[in-house]
Amino acid sequence: MIWIKTHWLIKKLFSNYIWEIPNRENKIYLTFDDGPTPEITEWTLQQLKKYNAKATFFCIGDNVRKYPEIFKKVIEEEHSIGNHTFNHLNGWKTKTNEYVENVKLCDTETRNLKLETRNLFRAPYGKIKPSQSKELRKLGYKIIMWDIISYDFDATISKEKCLENVLTNVKSGSIIVFHDSIKAFTNLEYTLPKVLEILNEKGFVFAKID
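We now turn to the structure provided with this report. None of these values were measured; they are calculated from a predicted model. (Residues numbered from 1 in each chain as written. Predicted model: local features only at pLDDT ≥ 70, side-chain atom pairs only at ≥ 80, totals over all residues. Heavy atoms only, no water.)

## Points about the state of the cysteines
Heads up, the condition is: Pairs of cysteine sulfur atoms within 2.5 Å are identified as disulfides in what follows. Whether a residue is buried, partly exposed or exposed follows from its accessible area with a 1.4 Å probe, protein chains only, as a fraction of its type maximum: under 20%, in between, or over 50%, in that order.
In this structure the tally under the stated criterion is zero disulfides. Unpaired in this structure, Cys106 has its nearest cysteine sulfur neighbour in Cys59, at a distance of 7.3 Å. A relative accessible area of 2% places Cys106 in the buried class. We note that Cys162 lacks a disulfide partner, and the nearest cysteine sulfur, in Cys59, lies 20 Å from it. For Cys162, a relative accessible area of 0% corresponds to the buried category.

This is the structure:
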C-alpha cells in the first residue's frame, strides 16, 4: 500500500531511509522522478525558475544517455541530481547484484558526461530489498524516499486531487514526489505552478537535497 503521506510507522521501521528533512527554515523539498524527458523537464525547470526554487531530479540513466543536454541543463540551473537506476528497475523483482550494477551503470552515464553527481538514490516505485539497500548504503548512497507523493502519474485521479494531495499534507521538511514524465504531465502541468505559487505565498522555501 502507498500512502499519499507516508505513515509514521513506515518511517520508523525503515529509518535507514530519508523520508523528510526537518528544519527551522520552513524548507520543503520538491523532487522529480524518471527524467530527463524532452520538453517536460525543460518546462519544469522554467516553472521552478519563476520562484527561484531549487529541486532534486532523480534521473534514469538511459534517459541521461538519450538526452544529455537536458540533463546538463538541470545541473547548470543548480538543482541536485539523484540516481534512479539505469532502467527504472523494480527492486523487488531484481536480484541484488543486478540491481546494484544497474545503479552503478547510471552513475557511469553521468561520469561519461564529465559530471559528478551527489550520492542520492531513489528506488523506482519505492521498491527496494533490504539487501539492495545495504549494498548501496555501503557504497555511500543516501536512500531518499518521501513524505508526500502527489500521484501525478496516476491517470485515474483528477488534477485537482493531485494538487490537494500536496497542499493538505505539506509541512516544513516534507520531501514531495512529482514526475517529469509524459505519463504524469497532465497532472503536473496543472499542479506544479499552483504548488509553487501557493506554498511560496505561505512562506515555504523550495530547497534541494544535498
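## Let's talk about the side chain of Thr44
Selection criterion: Secondary structure follows DSSP: runs of H or I at least 4 residues long count as helices, runs of E at least 2 residues long count as strands, and numbering of each begins at the N terminus. Pairs of N or O atoms within 3.5 Å make up the polar contacts considered here, provided that, within protein, one atom can donate a hydrogen while the other can accept it, and that residues adjacent in sequence are counted only when both atoms are side-chain atoms. Two residues form a contact once any of their heavy atoms are found within 4.5 Å.
Here Thr44 lies in helix H2 (residues 40-50). Of the polar contacts made by the side chain of Thr44, one reaches the backbone oxygen of Ile40; its length is 2.9 Å. Every residue in contact with Thr44, bar those within four places of it in the chain, is listed here: Phe32, Phe57, Asp180, Leu188 and Leu192.

## Structural notes on the packing of helix H7 (residues 159-167) against helix H8 (residues 185-201)
Applicable threshold: In this analysis, axes come from line fits to C-alpha atoms, helices being fitted only over the stretch in contact, and the angle between any two N-to-C directions falls in the range 0 to 180 degrees. Handedness of each helix crossing follows the sense of rotation of the near helix against the far helix: counterclockwise by less than a right angle gives left-handed, clockwise gives right-handed. Think of it as three bins: nonpolar holds Ala, Val, Leu, Ile, Met, Phe, Trp, Tyr, Cys and Pro, charged holds Asp, Glu, Lys and Arg, and polar takes everything else, Gly as well.
Packing of H7 against H8 brings their axes to within 9 Å, and their N-to-C directions diverge by 35°. The two elements H7 and H8 meet at a crossing, and its hand is right-handed. For the pair H7 and H8, contact is made by Lys159, Glu160, Cys162, Leu163, Val166 and Leu167 and by Asn187, Tyr190, Thr191, Lys194, Val195, Ile198 and Leu199, respectively. Tallied by class, the residues present in the contact of H7 with H8 amount to eight nonpolar, two polar and three charged.

## Thoughts on the pattern of salt bridges
What counts, and what does not: In what follows, salt bridge is the name for a side-chain nitrogen of Lys or Arg lying within 4 Å of a carboxyl oxygen of Asp or Glu.
Counted by the stated rule, this structure contains 11 salt bridges. Notably, a salt bridge pairs Asp147 with Lys5, separated by 2.8 Å at the nearest N-O pair. One end of the pair, Asp147, is in the loop between strand S5 (142-143) and strand S6 (148-149); the other, Lys5, is in the segment before helix H1 (8-13), and 142 residues separate them in sequence. For Lys5, a relative accessible area of 26% translates into the label partly exposed. With its nearest N and O atoms 3.0 Å apart, the salt bridge here joins Glu20 to Lys171. Residue Glu20 is found in the loop between H1 and strand S1 (27-33), and its partner Lys171 is found in the loop between H7 and strand S7 (175-179); the two are separated by 151 residues along the sequence. Glu20 sits in the partly exposed class, given a relative accessible area of 25%.

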